[in-house]
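Listed below, chain by chain, are the residues.
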Amino acid sequence: MGRREFNKRILLHAVVILILSLIQSTPWYCNLLPAPPLLLLPLTVCYGMFEREKDGAVLGAFAGLLWDTSSVRAFGFNTVMLMAIGCVCGLLITHLMRNTFTTGMLLCFGAVALYQFIDWLFYYVVPGYGDVGYAFLHLWLPQLAGTFLLILPYYFTVRYCMKRLRMLEGGRMKGLR
Amino acid sequence: MREFLKSTQFKIMCAAVAVILTVGIVVHVTGAASSPGDSALGFIITPIQSAVTSVSDKASSFFGVWSENEQLRAQVAQLQEQNRSLTSQLIDYDKVRQENDMYKSYLGIRSEHEDFTFEPAMVVSRDPSNRFGAFTINKGSAAGISLWDPVITADGLVGYICNVMPTSSVVRTVLDADISIAALDSRTRGDTGVVTGSISLSMEGCTAMNYLSRTSTVAIGDMIVTTGVGGVFPADILIGTVKNISKSDNEVSSYAVIEPAADIYNLSDVFVITGFDGQGGVMTEAVTENVTETATASSEN
């Protein structure tokens, strides 16, 4: 695989991240549901799985950085979280798991649950806002479910795109059954 | 020549001419409208002529449609162009009207609070993981905006700036559980409290005024305004109206559920107050006394 093709692919991923980040931050999308699904999280999981740890981490960090620009949280929270998710997913696929839809679902659930739990714990429970159970049931849990379901379209779309791109590059897809 | 004059063909021609002439003279002398020949000929020719005329008309009409089509096409193109131009003007008109509305509200606030310096801004993004309606605006430190600057609309208070970047800023709203605004009832002017959001209320688009004393006379429908204490928010900015009053869990004080005057979840334009009298901690004596008295009364109760 040439350097040029690789750059093209990463650039394409970056454009997809940028578009989804813009959609995710539009007031229209945020008012769509009380807790709209987080578009960038499952995408980072997919990129981690298909691009592996190094590129997964870079793409995750880019997605998190874009997210942080419209976030009230401490700057860098999403960058670190998504970078870690992209990297860990890549490492797990390289060393421990096979790249299938089932593992995709498993990794996505783990990543989303971890993100939501940390968010709930550090940005809601620890500051002592109250209504902890209500918040978890009515906001965090529906958002977790909605975000998790996104793995279905994301996984197959990313897999198809990666196959096409690798075919164009003349290579074969590593580890994809 | 002689042979031709003697031929049968010549004789027939002469006979025909003679017949025609005779008929002509007879018609002329008798004054008849048409000759029998004409009539007989007309009987045969007229339907044919009608048919031909009809075909001709149809052909003419057919080709006329083609030529008219060209004209119509030109007219349609012209009308489409006109339509595009009018639509564009309408969009401009809507934009101008929106700007006009914004400047009107700006002027309204400006005339009410002459000490304010404003920076109009537009809501550009929101964070789906934030539960309290926080949003990002398109103005930052380059436009003179700094941390803690209050954000308002013509309707009322929205929140304050909690994060500043050179070209954008993040606004924390009155629905946020992290916000604390010293507020009072504009009707009684004596009932004070602290406006803080909660997750369950923010889902309904409401916030709460906490620490109301047990003797508080706050009533449903009262308008809640800022006190100006603390120097973050200017005094007498409308926060919202009282929707409901309940006892706190500890039964020591009560709280009022407030419906914010500004539609927090559907904002498009806001004003950032970059400067006002008393910004940064200066408070008026009257308000200080008021708050102190209320706090003392609450602790005694």
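For the structure itself, look to the data block above.
All of these numbers come straight from a predicted model, not from anything done at the bench.

**Thoughts on helix α3 (residues 40-68) of chain A**
Side chains of residues three or four places apart in an α-helix project in the same direction, reflecting 3.6 residues per turn. Residues and elements named next belong to chain A. Its 29 residues give α3 an end-to-end C-alpha distance of only 12 Å, which falls more than 12% under 42 Å, the value for a rise of 1.5 Å per residue. Arg52 marks the point of greatest bend in α3, at about 140°. Of all 29 residues in α3, 24 are buried; the element is thus mostly enclosed.

**Thoughts on unusual backbone geometry**
What is expected of a backbone is that most residues other than glycine have negative phi and most peptide bonds are trans. All names here are of chain B. A positive phi is found at Trp148, a non-glycine position, where the angle reads about 75°. Within the secondary structure layout, Trp148 lies in the loop between β2 (135-137) and β3 (150-152). Assessed through its relative accessible area of 46%, Trp148 is described here as partly exposed.

**Notes on the interface of chain A and chain B**
The interface is formed by 28 residues belonging to chain A together with 25 residues belonging to chain B. Across the interface of chain A and chain B, roughly 2,100 Å² is buried in total on both sides, 59% from carbon and sulfur atoms. Applying the counting rule to chain A against chain B returns one salt bridge. When the shortest N-O distance is used, the salt bridge between Asp119 of chain A and Arg131 of chain B registers 2.7 Å. Counting across the chain A and chain B interface gives five residue pairs in polar contact (both at pLDDT 80 or more). A per-element tally of the side of chain A that touches chain B places helix α6 (residues 132-149) of chain A first, with six residues. Split into classes, the residues belonging to the side of chain A that touches chain B amount to 15 nonpolar, 10 polar and three charged.

**Here's the deal with the sheet that holds strand β10 (residues 238-247) of chain B**
Strands sit in the order β6-β7-β8-β11-β10-β9 (chain B) around a closed barrel of six strands; the barrel is antiparallel. The average undirected angle you get between the axes of adjacent strands in this sheet is 40°.

**Considering the nonpolar core**
If you look at the biggest cluster of nonpolar residues, it comprises 44 residues, and the most contacted ones within it are Ile137 and Val158 of chain B. The dominant element in this core, judged by the number of residues it contributes, is strand β4 (residues 157-164) of chain B, at five residues. Sequence-distant contacts of Ile137 of chain B, that is, excluding residues within four places in its chain, are made with Ala121, Met122, Val123, Val124, Ile145, Ile161, Thr167, Ser168, Ser169, Val171, Val270 and Val272 of chain B. Core analysis: the next-biggest nonpolar cluster, separate from the first, contains 38 residues, Tyr29, Met49, Val112 and Met162 of chain A among them.

**Regarding helix α5 (residues 101-125) of chain A**
An ideal rise of 1.5 Å per residue puts 36 Å on 25 residues; α5 of chain A measures up with 34 Å between its terminal C-alpha atoms. Next to the buried residues of α5 of chain A lie α3, α4 (77-95), α6 and α7 (151-169) of chain A together with α4 (199-203) of chain B.

**So, the packing of aromatic side chains**
Residue and element names in this part refer to chain A. Here the structure, examined in full by the defined rule, presents 16 aromatic pairs over all chains. Ring geometry for Phe117 against Trp120: centres 6.2 Å apart, planes inclined by 45°, an arrangement best described as tilted. Of the two residues, Phe117 and Trp120 are both situated in helix α5; the distance of three residues between them amounts to about one turn of the helix. We classify Phe117 as partly exposed; its relative accessible area is 40%. Their ring planes at 90° and their centres at 5.5 Å tell us that Tyr155 and Phe156 sit as a pair that is edge-to-face.

**What to know about the pairing of strand β7 (residues 192-196) of chain B**
Here is the key point about a regular strand: its side chains alternate between the two faces of the sheet. All names here are of chain B. Most of β7 sits inside the fold, with four of its five residues counted as buried. Linkage of strand β6 (residues 181-185) to β7, two consecutive antiparallel strands, is achieved through a turn of six residues, within which Arg189 is found at a positive phi near 60°. With three bridges connecting them, β7 and strand β8 (residues 207-212) associate as antiparallel partners. Within β8, the residue paired with Val194 across the bridge is Asn210.

**Overview of the packing of α3 of chain A against α5 of chain A**
All names here are of chain A. Relative to each other, α3 and α5 sit at 30°, their axes nearing to 15 Å. On the basis of their axis angle, the class for α3 and α5 is roughly parallel. Where α3 crosses over α5, the handedness of that crossing is right-handed. Taken together, the residues of α5 that come into contact with α3 (itself represented by Leu41, Pro42, Val45, Met49 and Trp67) are Thr103, Gly104, Leu107, Cys108, Ala111, Val112 and Tyr115.

Thresholds, definitions, all that
- Residues numbered from 1 in each chain as written.
- Chains lettered and ligands numbered in written order.
- Predicted model: local features only at pLDDT ≥ 70, side-chain atom pairs only at ≥ 80, totals over all residues.
- Heavy atoms only, no water.
- Helix = DSSP H or I, 4+ residues; strand = E, 2+ residues; numbered from the N terminus.
- Expected span 1.5 Å × (residues − 1).
- Bend = angle between axes of the 7 residues up to and from the residue.
- Buried < 20%, exposed > 50% of the residue type's maximum accessible area, 1.4 Å probe, protein only.
- Contact = heavy atoms within 4.5 Å.
- Buried area = accessible area lost by both parts, 1.4 Å probe.
- Salt bridge = Lys/Arg side-chain N within 4 Å of Asp/Glu carboxyl O.
- Polar contact = N/O pair within 3.5 Å; in protein donor to acceptor, adjacent residues only side chain to side chain.
- Nonpolar A, V, L, I, M, F, W, Y, C, P; charged D, E, K, R; others polar.
- Pairing = 2+ DSSP bridges.
- Axes fitted to C-alpha atoms, helices over the stretch in contact; angles between N-to-C directions.
- Core = buried A, V, L, I, M, F, W, Y, C linked by side-chain atoms within 4.5 Å.
- Phe/Tyr/Trp six-rings, centres within 6.5 Å; stacked < 30°, edge-to-face > 60°.
- Parallel < 35°, antiparallel > 145°, perpendicular 65-115°, else oblique.
- Left-handed = near helix turned anticlockwise from the far one by under 90°.

Purely spatial values, then, with no claim about function.
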